[in-house]
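Descriptive structure summary
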Amino acid sequence: AVPVLALPANGSYTSDLTPTFDWNDVSGATSYTILVDNNSDFSTPEVTNSPTLSTYTPAANLAVGTYYWKVLATNAYGSSAYSTAWTVNLGNPPAVPVLVAPADASFTSDATPAFDWNDVSGATSYAILVDNNSDFSSPEVTNSPTVSTYTPAANLGNGTQYWKVLATNAYGSSAYSAA
């Protein structure tokens, strides 16, 4: 029978450059052939392998990009047709943002200061935490702006406020910036 693809999900995004390709076990199959290519016509496969199990993990990193993959099953009587091709997008999470303003250890009388950090290439959103505790155990602000600035809608309390930001895209999130 023709294998049914399982993972990575069709059209998914991952930062794992050696993703595990998985498909259903085909009764009677003694091996499989997997093709992984960055061309939808499979004209120059990056991976051609014949595992005996219904899973395959590349030994070396694939380059960042979109890949197409398909599998067929084989036994002593021949091979099935190839499965329908699926795509997987391999990429990197964004870099860690660099905080810009307000400057570290600065003073202000503005209870709703504009927090600003560098634009991170490839980021689709950010997460900002503002807390009067340096361990961020009870954030005063938790927000996910799509731009690299945030101004609280309500006044922050008097005293020292700590803040940090991370960047996110389809491949994951960066670490938080230094506070």
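Everything numeric here is computed off the predicted structure, so don't read it as measured data. (Residues numbered from 1 in each chain as written. Predicted model: local features only at pLDDT ≥ 70, side-chain atom pairs only at ≥ 80, totals over all residues. Heavy atoms only, no water.)

1. Side note on the overall build of the protein
When its secondary structure is counted, the protein shows 0 helices and 16 strands. C-alpha extents for the protein along the principal axes are approximately 80 × 30 × 25 Å. Counting across all 179 residues of the protein, residues that qualify as buried make up 38%. In the protein, the proportion of contacts linking residues at least 24 apart, taken out of those at least 6 apart, comes to 61%. Looking at the protein as shown, the accessible area adds up to about 9500 Å², and 50% of this sits on carbon and sulfur atoms. (Helix = DSSP H or I, 4+ residues; strand = E, 2+ residues; numbered from the N terminus. Buried < 20%, exposed > 50% of the residue type's maximum accessible area, 1.4 Å probe, protein only. Contact = heavy atoms within 4.5 Å. Areas by Shrake-Rupley, 256 points an atom, 1.4 Å probe, with all protein chains shown as cover.)

2. Re the pairing of strand 12 (residues 125–131)
Of all 7 residues in strand 12, 7 are buried; the element is thus mostly enclosed. Alternating positions in strand 12 separate into two faces, Ser125, Ala127, Leu129 and Asp131 on one and Tyr126, Ile128 and Val130 on the other, with burial throughout. Strand direction decides the pairing type here: strand 12 and strand 15 (residues 162–169), joined by 7 bridges, are antiparallel. Residue pairing for strand 15: serine 125 is matched across the bridge by threonine 168. Relative to strand 13 (residues 141–143), strand 12 runs antiparallel, the two being bridged by 3 bridges. Within the sheet, the bridge partner assigned to valine 130 lies in strand 13 and is valine 141. (Pairing = 2+ DSSP bridges.)

3. Comments concerning the nonpolar core
Ranked by internal contacts, the top residues of the largest apolar core, which has 17 residues, are Phe21, Trp23, Ile34, Val36, Trp69 and Val71. Those elements that place two or more of their residues in this core are strand 3 (21–23), strand 4 (31–37), strand 7 (65–75) and strand 9 (86–90). Sort the elements by how many residues they give to this core and strand 7 lands first, with 4 residues. Counting 13 residues, the second-largest nonpolar core is a separate cluster that includes Phe115, Trp117, Tyr126 and Val165. (Core = buried A, V, L, I, M, F, W, Y, C linked by side-chain atoms within 4.5 Å.)

4. Comments concerning the sheet that holds strand 1 (residues 5–7)
Read from one edge to the other, the open sheet built from 3 strands follows the order 1-3-6, with strand pairing classed as antiparallel. Because the sheet does not close on itself, it has two edges, and the strands there are strand 1 and strand 6 (55–56). Two strands pair when backbone bridges link them, and strand 1 and strand 3 are joined in this way by 2 bridges, in the antiparallel orientation. Paired with leucine 5 across the two strands is tryptophan 23, which belongs to strand 3.

5. Quick word on the sheet that holds strand 15
With respect to topology, 4 strands assemble into an open sheet ordered 13-12-15-16, the strand pairing being antiparallel. The open sheet has two edge strands with one neighbour each: strand 13 and strand 16 (172–173). Examined bridge by bridge, strand 15 and strand 16 share 2 bridges and lie antiparallel to one another. By the bridge assignment for strand 16, asparagine 169 is matched with glycine 172.

6. Observations regarding the packing of aromatic side chains
This structure, assessed with the given rule, holds 7 aromatic pairs. Summarising the aromatic geometry, the rings of tryptophan 23 and tyrosine 32 are spaced 5.6 Å apart at their centres and angled 70° between planes, so their arrangement reads as edge-to-face. Each member of the pair, tryptophan 23 together with tyrosine 32, is buried. Considering the side-chain rings of tryptophan 117 and tryptophan 163, the 6.5 Å spacing of their centres and the 55° angle between planes classify their relative orientation as tilted. Remark: tryptophan 163 occurs in strand 15 and tryptophan 117 occurs in strand 11 (residues 115–117); sequence separation between them is 46 residues. Across the pair, exposure class does not vary: tryptophan 117 and tryptophan 163 are buried alike. In this arrangement the basic side chain of lysine 164 is found over the ring face of tyrosine 176, its NZ or CZ atom lying 4.6 Å from the centre. (Phe/Tyr/Trp six-rings, centres within 6.5 Å; stacked < 30°, edge-to-face > 60°. Lys NZ or Arg CZ within 6 Å of the ring centre and 35° of its normal.)

7. A short note on the environment of serine 125
Secondary-structure assignment places serine 125 in strand 12. In contact with serine 125, not counting residues within four places along its chain, are Pro145, Thr146, Leu166, Ala167 and Thr168.

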